[in-house]
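So you can see what is in the structure, the chains are spelled out below.
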Amino acid sequence: MSVLLIAEHNNKELKPFTYNAVSAASKIDEDLHILVLGNKSETVAKSASEIPNVKKVIHVDNEIYENFIAENYTSAIIKHADTYSHIVCSANTFGKNLMPRIAALLDTSQVSDIIKVISADTFLRPIYAGNAFATVKSNDKKKCITIRPTSFEPAPATGGSAEIVKSEAGEAFKNSKFVKREEIKSDRPELGTARIVISGGRGMQNSENFKLISAIADKLNAAIGASRAAVDAGYITNDHQVGQTGKVVVPDLYIAVGISGAIQHLAGMKESKIIVAINKDGEAPIFSVADYGLEADLFEALPQFLEELNKLNTIQK
Amino acid sequence: MKILVAVKRVIDYNVQVRVKEDGTGVVTDNVKMSTNPPDDNAVEEAVKIKESGKAKEIVAITIGEEKAQETVRKALAVGADRGIHVKVEGIVEPLAVSKILQKIVDKEKPDLVFMGKQAIDDDCNQTGQMLAALLGWPQATFASKINVKDSALEVTREVDEGLETIEVNIPAIVTCDLRLNEPRYASLPNIMKAKKKPLEQINASDLGVDTKARIEQIKVEEPPKRKAGIKVANVSELVQKLKNEAKVI
């Protein structure tokens with residue numbers, strides 16, 4: 001048995017969730033290899049080789065991997081699939097897009113979004129927006145698995161020195177072409193990995209009012225999240241969406257402001273360690289998962305919250 | 001151009017799902033069912049493309065038990081031209097679904113296949129990508145904007161970092177995000193008309209696809225419950241609790 005993990009990166013560095021996926025993958029089997037498909041991506045391969053749990057890095061460098069096109073990735077991965085019992089990657093938009101394409105070509109029924117490794121063939125995964133947990137056993141010879149990154153601690157980044165083996169590119173796929181990427185740059189911590197997340201919902205009423213949230217996010221060094229309702233209403237961009245079809249976050253502190261708490265939103269945040277809900281509707285479902293609920297008008301509560309934070313001598317960063 | 005749209009019948013998104021006491025699954029008896037929400041977006045987008053004159057025919061397809069055809073009727077009521085219901089009992093895994101769809105694509109020869117990016121029951125997010133792989137077609141997943149060109153689609157995708165735009169040559173598979181459009185409601189006259197539109201029934205077994213489960217569902221259980229929290233009286237109490245009790249700030 002050995003496990004092949006597909007690295008997610010930007011040709012310069014590994015994306016943080018790759019480290020979480022390493023933790024999960026090494027629970028499946030200790031013989032863990034990482035495949036880095038990139039363009040001018042030597043630093044990525046080097047970083048991968050420094051992760052202590054990694055036994056070998058396969059590095060394929062070619063211009064067709066400059067942008068992540070699942071079709072191009074797939075042909076290279078299939079070439080290496082023979083020697084592995086498991087092929088794994090993160091269950092974020094990267095892995096969700098990629099893994100089923102590999103699984104279908106290997107005639108494997110994929111296990112998506114696992115939150116626990118029970119054994120090499122048995123896994124725990126949420127279904128119905130996390131309203132049920134299913135224990136599932138894969139009976140396929142080769143297993144394709146995506147890992148919910150926030151359910152596993154990130155592996156250490158340094159201390160290892162795995163060998164890096166160069167390999168040839170796969171066939172380029174002619175019918176898909178990358179056009180552009182609109183990344184929203186922010187100085188704030190990344191939503192998926194932030195220690196504190198403060199999110200706004202439809203109760204924010206407009207995009208201007210999200211300034212009340214940003215001011216607190218600045219103070220707490222928090223990431224900003226949002227409900228789907230707020231994103232759909234155009235108050236904030238989609239990369240902030242937390243929920244069943246958005247991002248799943250597990251921060252130490254999640255502050256939900258003006259969010260009623262639809263099942264689909266709860267699916268993305270209810271594993272947070274401490275949940276605070278601020279809502280003027282005392283009956284809102286969000287209070288059923290909140291450790292601390294404040295029934296109040298957010299337009300009064302948020303400025304007061306900032307004021308109280310300013311009074312504190314120290315704030316954990 | 002011809003568009004095939006795949007729809008799935010699932011527990012309605014507003015229903016609070018309950019786990020069966022014997023751990024074999026979730027309660028579906030007497031529970032409201034409806035079309036998987038992003039599948040509605042897939043149907044809507046196909047109808048819009050047809051209305052713009054860029055598509056001639058929309059075929060809606062579902063795979064499942066007898067009642068699953070309700071979802072096809074709904075698609076017919078908002079603008080699909082005809083329907084296909086592939087009958088099969090029990091859970092069909094995405095791999096088997098994509099193999100069935102592949103057979104239908106071979107027969108129908110659509111230029112585009114649309115479906116929701118994820119079903120809200122099993123949350124697998126696999127079928128579109130798998131079908132694209134089996135057909136050797138390009139895949140445009142998590143689409144929030146589609147621009148139909150002569151022989152290609154320009155698709156904006158919702159990704160973790162923001163938005164990504166790709167161009168895929170036709171034929172192609174598109175999986176739709178909830179933000180792609182606002183699905184219309186079917187009018188009563190259109191619901192009546194939809195009953196007269198053709199709906200072909202096919203047995204999955206006649207397609208020669210093995211639908212046997214590859215993944216054994218050992219048990220389904222309730223997720224751990226959160227301990228009941230408290231209500232605080234005001235903001236200063238909240239901040240004190242966060243600082244001194246929860247120790248998170």
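Reading the values: rules and limits
Residues numbered from 1 in each chain as written. Chains lettered and ligands numbered in written order. Predicted model: local features only at pLDDT ≥ 70, side-chain atom pairs only at ≥ 80, totals over all residues. Helix = DSSP H or I, 4+ residues; strand = E, 2+ residues; numbered from the N terminus. Contact = placed C-beta atoms within 7 Å. Rg over C-alpha atoms; globule rule 2.2 N^0.38 Å. Buried ≥ 20, exposed ≤ 12 C-beta atoms within 10 Å, placed from the backbone. Core = buried A, V, L, I, M, F, W, Y, C linked by C-beta atoms within 7 Å. Domains from an automatic or database assignment. Nonpolar A, V, L, I, M, F, W, Y, C, P; charged D, E, K, R; others polar. Expected span 1.5 Å × (residues − 1). Axes fitted to C-alpha atoms, helices over the stretch in contact; angles between N-to-C directions. Parallel < 35°, antiparallel > 145°, perpendicular 65-115°, else oblique. Left-handed = near helix turned anticlockwise from the far one by under 90°. Pairing = 2+ DSSP bridges.

On to the overall build of chain B, then. Looking only at helices and strands, chain B features six helices and 13 strands. For chain B, the C-alpha atoms occupy an extent of roughly 65 × 45 × 40 Å along the three principal directions. When contacts within chain B are restricted to residue pairs at least 6 apart in sequence, those whose partners lie at least 24 apart make up 68%.

This paragraph deals with the overall build of chain A. Counting its secondary structure elements, chain A contains eight helices and 16 strands. In terms of C-alpha radius of gyration, chain A reaches 21 Å, essentially the compact-globule figure of 20 Å for 317 residues. C-alpha extents for chain A along the principal axes are approximately 60 × 40 × 40 Å. Split into buried and exposed, the 317 residues of chain A put 57% on the buried side. Considering only contacts in chain A between residues 6 or more positions apart, those separated by 24 or more positions represent 67%.

Core analysis: the largest hydrophobic core is formed by 185 residues, its most contacted members being Leu5 of chain A together with Val5, Ala60 and Val174 of chain B. Residue-level mapping places this core at the junction of two domains, with at least three residues from each of domain 1 (3-166) and domain 2 (196-311) of chain A. If we skip the residues at most four places from it in the chain, alanine 60 of chain B touches Val5, Val7, Val43, Val72, Ala75, Leu76, Ala80 and Gly83 of chain B.

Now for the interface of chain A and chain B. Of the residues lining the interface, 73 residues belong to chain A; the matching set on chain B comes to 65 residues. The class makeup of the residues in the side of chain A that touches chain B is 31 nonpolar, 23 polar and 19 charged.

Our focus in this paragraph is the domain arrangement of chain A. Residues and elements named next belong to chain A. Taken domain by domain, chain A holds domain 1 (3-166) and domain 2 (196-311). One C-alpha centre belongs to domain 1, the other to domain 2, and the line joining them spans 31 Å. Taken together, the residues of the side of domain 1 that touches domain 2 break down into one nonpolar, three polar and one charged.

Residues and elements named next belong to chain B. With 15 residues, helix H3 (residues 94-108) should reach 21 Å at 1.5 Å per residue; the first-to-last C-alpha distance of 20 Å fits that figure. Those residues of H3 that sit buried are Pro94, Leu95, Ala96, Val97, Ser98, Lys99, Ile100, Leu101, Ile104 and Val105. The positive-phi residue at the C-terminal boundary of H3 is lysine 109, with phi of around 50 degrees.

Residue and element names in this part refer to chain B. Position of glycine 23 relative to the elements: it lies in the loop between strand E2 (9-11) and strand E3 (33-35). Between the C-alpha atom of glycine 23 and that of lysine 219, which follows or precedes it by 196 residues, the distance is 5.2 Å. What glycine 23 contacts, discounting residues up to four positions off in sequence, is Lys219, Val220 and Glu221.

Turning our attention to helix H1 (residues 37-51) of chain B. All names here are of chain B. Here H1 contains 15 residues, and its C-alpha end-to-end distance of 21 Å stays within 8% of the 21 Å for a straight helix at 1.5 Å per residue. Buried within H1 are the following residues: Pro37, Pro38, Asp39, Asp40, Asn41, Ala42, Val43, Glu44, Glu45, Ala46 and Val47. Two residues or fewer past H1, glycine 53 is found with a positive phi of approximately 90 degrees.

This part takes up the packing of helix H5 (residues 210-220) of chain A against helix H8 (residues 298-311) of chain A. Residue and element names in this part refer to chain A. Close contact between H5 and H8 brings their axes to 9 Å; oriented N to C, the two are set at 20 degrees. In terms of their interaxial angle, H5 and H8 are classed as roughly parallel. You can see that H5 and H8 cross each other, and the crossing is left-handed. Residue-level inspection shows Leu212, Ala215, Ile216 and Lys219 of H5 in contact with H8, the latter providing Leu302, Pro303, Phe305, Leu306 and Leu309.

The subject of this paragraph is the sheet that holds strand E6 (residues 116-117) of chain A. Read across the open sheet, the four strands follow the order E6(A)-E7(A)-E8(A)-E12(B); overall the sheet is antiparallel. Two strands close off the open sheet at either side, each with one partner strand: E6 of chain A together with strand E12 (215-221) of chain B. Relative to strand E7 (residues 122-127) of chain A, E6 of chain A runs antiparallel, the two sharing two bridges. Counted as the bridge partner of valine 117 of chain A is phenylalanine 123 of chain A from E7 of chain A.

Time to look at the packing of H8 of chain A against helix H6 (residues 235-245) of chain B. Across the interface, H8 of chain A lies against H6 of chain B with an axial gap of 9 Å and an inter-helix angle of 45 degrees. Considered as vectors, H8 of chain A and H6 of chain B are oriented oblique to each other. Once H8 of chain A is placed against H6 of chain B, the crossing between them reads as right-handed. Only Val235, Ser236 and Val239 of chain B of H6 of chain B make contact with H8 of chain A, whose side of the interface consists of Ala301, Gln304, Phe305, Glu308 and Leu309 of chain A. Across the contact of H8 of chain A with H6 of chain B, the residue classes tally to five nonpolar, two polar and one charged.

The next subject is the sheet that holds strand E16 (residues 292-295) of chain A. Reading across from one edge, E13(A)-E12(A)-E14(A)-E15(A)-E16(A)-E13(B) is the order of the six strands in this open sheet, with parallel pairing throughout. The strands lining the two open edges of the sheet, one partner per strand, are strand E13 (223-226) of chain A together with strand E13 (230-232) of chain B. Taking the axes of each pair of neighbouring strands and ignoring which way they run, one obtains an average angle of 20 degrees across the sheet. Both strand E14 (residues 253-257) of chain A and strand E15 (residues 274-279) of chain A contribute to a ladder of five bridges, which runs parallel. Across the sheet, residue alanine 256 of chain A finds its bridge partner in E15 of chain A, namely alanine 277 of chain A. Docked against the sheet, H5 of chain A engages strand E12 (196-200), E13 and E14 of chain A, running at close to 175 degrees with respect to E12 of chain A.

Assignment of secondary structure puts alanine 133 of chain B in helix H4 (residues 127-135). Here the alpha-carbon distance between alanine 133 of chain B and isoleucine 173 of chain B, two residues 40 residues apart in the chain, equals 9.7 Å. Setting aside residues no more than four positions away along its own chain, alanine 133 of chain B makes contact with Thr74, Arg101, Ala104 and Leu105 of chain A.

Turning next to unusual backbone geometry. Glycine aside, a negative phi is what most residues show, and trans is what most peptide bonds show. The residue after isoleucine 170 of chain B, namely proline 171 of chain B, is reached through a cis peptide bond having omega 5 degrees. In this structure, glutamine 205 of chain A is a non-glycine residue whose phi angle is positive, near 75 degrees. Note that glutamine 205 of chain A resides in the loop between E12 and H5. Phi at phenylalanine 142 of chain B is positive, roughly 55 degrees, even though this residue is not glycine. Relative to the elements of secondary structure, phenylalanine 142 of chain B occurs in strand E7 (residues 139-148).

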